[in-house]
2 protein chains.
Amino acid sequence: MTRVFTDISISLDGFVAGPDPSLEDPLGVGGMQLHEWAFRLEAWRRPHGIEGGETGPESDLVERTLAATGAVVMGRRMFSGGSGGWDDDPNANGWWGDEPPFRVPVFVVTHHAREPLELQGTTFAFVTEGVEAAVERARAAAGGRDVSVAGGASVVRGCLGLGLLDELQVHVAPVLLGAGTPLFAGVEPGRLELLETVAAPEATHVRYRVVR
Amino acid sequence: MTRVFTDISISLDGFVAGPDPSLEDPLGVGGMQLHEWAFRLEAWRRPHGIEGGETGPESDLVERTLAATGAVVMGRRMFSGGSGGWDDDPNANGWWGDEPPFRVPVFVVTHHAREPLELQGTTFAFVTEGVEAAVERARAAAGGRDVSVAGGASVVRGCLGLGLLDELQVHVAPVLLGAGTPLFAGVEPGRLELLETVAAPEATHVRYRVVR
């Protein structure tokens with residue numbers, strides 16, 4: 001059974017990015033701190049082509065998550081930081097250079113149609129029919145594995161609002177950003193069921209089932 | 001060394017109370033869910049005069065927290081739900097009836113002066129000089145033990161903004177409220193250091209040092 005889950009880092013005060021995000025600083029002021037927990041882990045570094053890194057329960061969590069992921073859904077801004085037509089996007093092939101770390105089909109939710117882009121084992125498809133269509137296509141492409149909804153916040157909230165999410169995996173970084181892009185602003189009230197916690201100094205990793 | 005710490009329950013989306021709090025429903029719509037984790041624990045039930053309850057790591061955490069607490073600071077609304085003069089407050093002796101569970105000095109931050117109130121071993125003092133004065137008086141009264149800043153959100157944020165908090169203890173309930181009173185809205189950015197995590201299905205308990 002394919003699960004649809006988010007896999008996203010937030011501050012203790014609930015932001016996925018700091019204030020004033022830009023092409024030069026896409027995570028906003030202080031936002032990079034949300035991801036520091038991952039950079040030091042072996043299981044994160046390997047697919048990013050970086051040697052070394054820590055092993056242990058956090059690296060295992062990342063390893064399991066990546067192994068379970070058969071397709072990824074993300075928003076346009078998470079893909080490139082841009083928003084308008086692709087011809088004007090200085091980052092039109094995404095943040096990750098010639099060898100993106102995904103190596104599974106990625107579905108980018110965008111208002112601007114475009115042919116699929118293939119880069120070293122990762123195929124990016126551009127979905128203009130909205131987040132539900134993107135999740136449906138990702139589900140079909142995942143080959144029985146899971147669909148990771150990587151972000152940003154509006155795509156996660158869209159999935160939550162449409163009842164598409166089976167699980168929320170959230171990595172809570174030990175930082176207060178004070179302002180920025182909130183993950184959960186305006187969601188519908190709902191119950192969750194805690195499935196797993198991995199506690200580490202650099203982040204508290206919690207995984208919930210969304211109770212429907 | 002007296003630590004000043006918060007001890008507060010929040011939803012995964014960061015609210016300490018749901019929308020539309022009232023005298024009849026002081027925690028707002030859905031807000032009681034934030035506290036369900038505590039009601040079933042032996043260490044919470046005992047000081048509230050209720051028999052039975054679960055023991056284990058969560059009850060131990062509550063036990064340790066209560067044992068370490070030498071004084072409590074809270075806001076007026078947390079004390080009684082009221083806001084104006086005391087003569088018009090239907091709940092002027094607080095929520096807890098004749099035998100409040102604290103049994104240490106409690107300092108209530110309020111705009112309305114009032115003589116101290118003693119109820120079965122708990123003395124409530126009413127502080128009109130602001131949150132910093134309340135923490136200072138609590139520190140002096142704590143007899144070397146710790147000062148718990150119990151809430152509400154504005155008192156916690158006031159303490160955080162004034163650099164009065166040494167630690168944040170937060171109990172994250174597995175629920176999305178969608179709206180209500182946010183704990184951290186508008187705080188200054190800052191680093192935290194994770195000191196302790198106790199994970200349970202009913203709440204994820206995290207304790208951070210505030211890095212200054």
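Above this text is the structure in question.
Draft legend 1. Looking closely at the packing of aromatic side chains. By the definition in use, this model includes 18 aromatic pairs over all chains. Between phenylalanine 79 of chain B and tryptophan 86 of chain B the ring centres are 5.8 Å apart and the planes differ by 80°, which places this aromatic pair in the edge-to-face class. Summarising the burial analysis for this pair, phenylalanine 79 of chain B and tryptophan 86 of chain B share the class buried. Plain terms: the ring middles of phenylalanine 79 of chain B and phenylalanine 126 of chain B are 5.4 Å apart, the flat faces sit at 75° to each other, and that makes the pair edge-to-face. Of this pair, phenylalanine 79 of chain B sits in helix α4 (residues 76-80) while phenylalanine 126 of chain B is found in strand β6 (residues 122-127), placing the two residues 47 residues apart along the sequence. Just as phenylalanine 79 of chain B is buried, phenylalanine 126 of chain B falls in that class too. The rings of Phe79, Trp86, Trp96, Phe102, Phe124 and Phe126 of chain A are connected pair by pair, giving a single aromatic cluster. Taking NZ or CZ as reference, arginine 76 of chain A lies 3.7 Å from the ring centre of tryptophan 86 of chain A, over its face.

Draft legend 2. Fine view of the sheet that holds strand β1 (residues 4-11) of chain A. Sheet architecture is open: ten strands sit in the order β5(A)-β6(A)-β4(A)-β3(A)-β7(A)-β1(A)-β8(A)-β12(A)-β11(A)-β9(B), paired in mixed fashion. Edge positions in the sheet fall to β5 (117-119) of chain A together with β9 (175-176) of chain B, since each has one partner strand and no second. Contacts between helix α3 (residues 57-68) of chain A and the sheet are confined to β1, β3 (69-75), β7 (146-151), β8 (167-173), β11 (190-200) and β12 (203-210) of chain A, with β11 of chain A contributing the most and set at about 130° to the helix. Sheet strands touched by helix α5 (residues 131-141) of chain A: β1, β3, β4 (106-109), β6 (122-127) and β7 of chain A. Its angle to β4 of chain A, the strand with the most contacts, is close to 175°.

Draft legend 3. Expanded view of the interface of chain B and chain A. Tallying the contact residues gives 28 residues for chain B and 28 residues for chain A. When the buried surface of chain B facing chain A is broken down by residue, Leu12, Leu176 and Arg191 of chain B rank first, second and third, together holding 27% of it. Here chain B and chain A share eight residue pairs in polar contact (both at pLDDT 80 or more) between them. The dominant element in the side of chain B that touches chain A, judged by the number of residues it contributes, is strand β11 (residues 190-200) of chain B, at seven residues. Residues that form the side of chain B that touches chain A fall into these classes: 18 nonpolar, six polar and four charged.

Draft legend 4. Representation of the environment of alanine 92 of chain A. Residue and element names in this part refer to chain A. Among the structural elements, alanine 92 can be located in the loop between α4 (76-80) and β4. Owing to a relative accessible area of 17%, alanine 92 belongs among the buried residues under this scheme. Along the sequence, alanine 92 and phenylalanine 79 sit 13 residues apart, while their C-alpha atoms lie 8.4 Å from each other. For alanine 92, the contacting residues outside a window of four places in its chain are Phe79, Trp86, Arg114 and Leu117.

Draft legend 5. Looking closely at helix α6 (residues 153-161) of chain A. Residue and element names in this part refer to chain A. Among all positions in α6, only Ala153, Val155, Val156, Cys159 and Leu160 are buried. End-on, the buried residues of α6 take up no more than an arc of 165°, which puts them together on one face. Exposed residues lying more than 90 degrees from the buried face of α6 are Ser154 and Gly161. Looking at the residues trailing α6, positive phi occurs at glycine 163, about 70°.

Parameters and conventions
- Residues numbered from 1 in each chain as written.
- Chains lettered and ligands numbered in written order.
- Predicted model: local features only at pLDDT ≥ 70, side-chain atom pairs only at ≥ 80, totals over all residues.
- Heavy atoms only, no water.
- Phe/Tyr/Trp six-rings, centres within 6.5 Å; stacked < 30°, edge-to-face > 60°.
- Buried < 20%, exposed > 50% of the residue type's maximum accessible area, 1.4 Å probe, protein only.
- Helix = DSSP H or I, 4+ residues; strand = E, 2+ residues; numbered from the N terminus.
- Lys NZ or Arg CZ within 6 Å of the ring centre and 35° of its normal.
- Pairing = 2+ DSSP bridges.
- Contact = heavy atoms within 4.5 Å.
- Axes fitted to C-alpha atoms, helices over the stretch in contact; angles between N-to-C directions.
- Buried area = accessible area lost by both parts, 1.4 Å probe.
- Polar contact = N/O pair within 3.5 Å; in protein donor to acceptor, adjacent residues only side chain to side chain.
- Nonpolar A, V, L, I, M, F, W, Y, C, P; charged D, E, K, R; others polar.
- Arc of directions from axis to C-beta.

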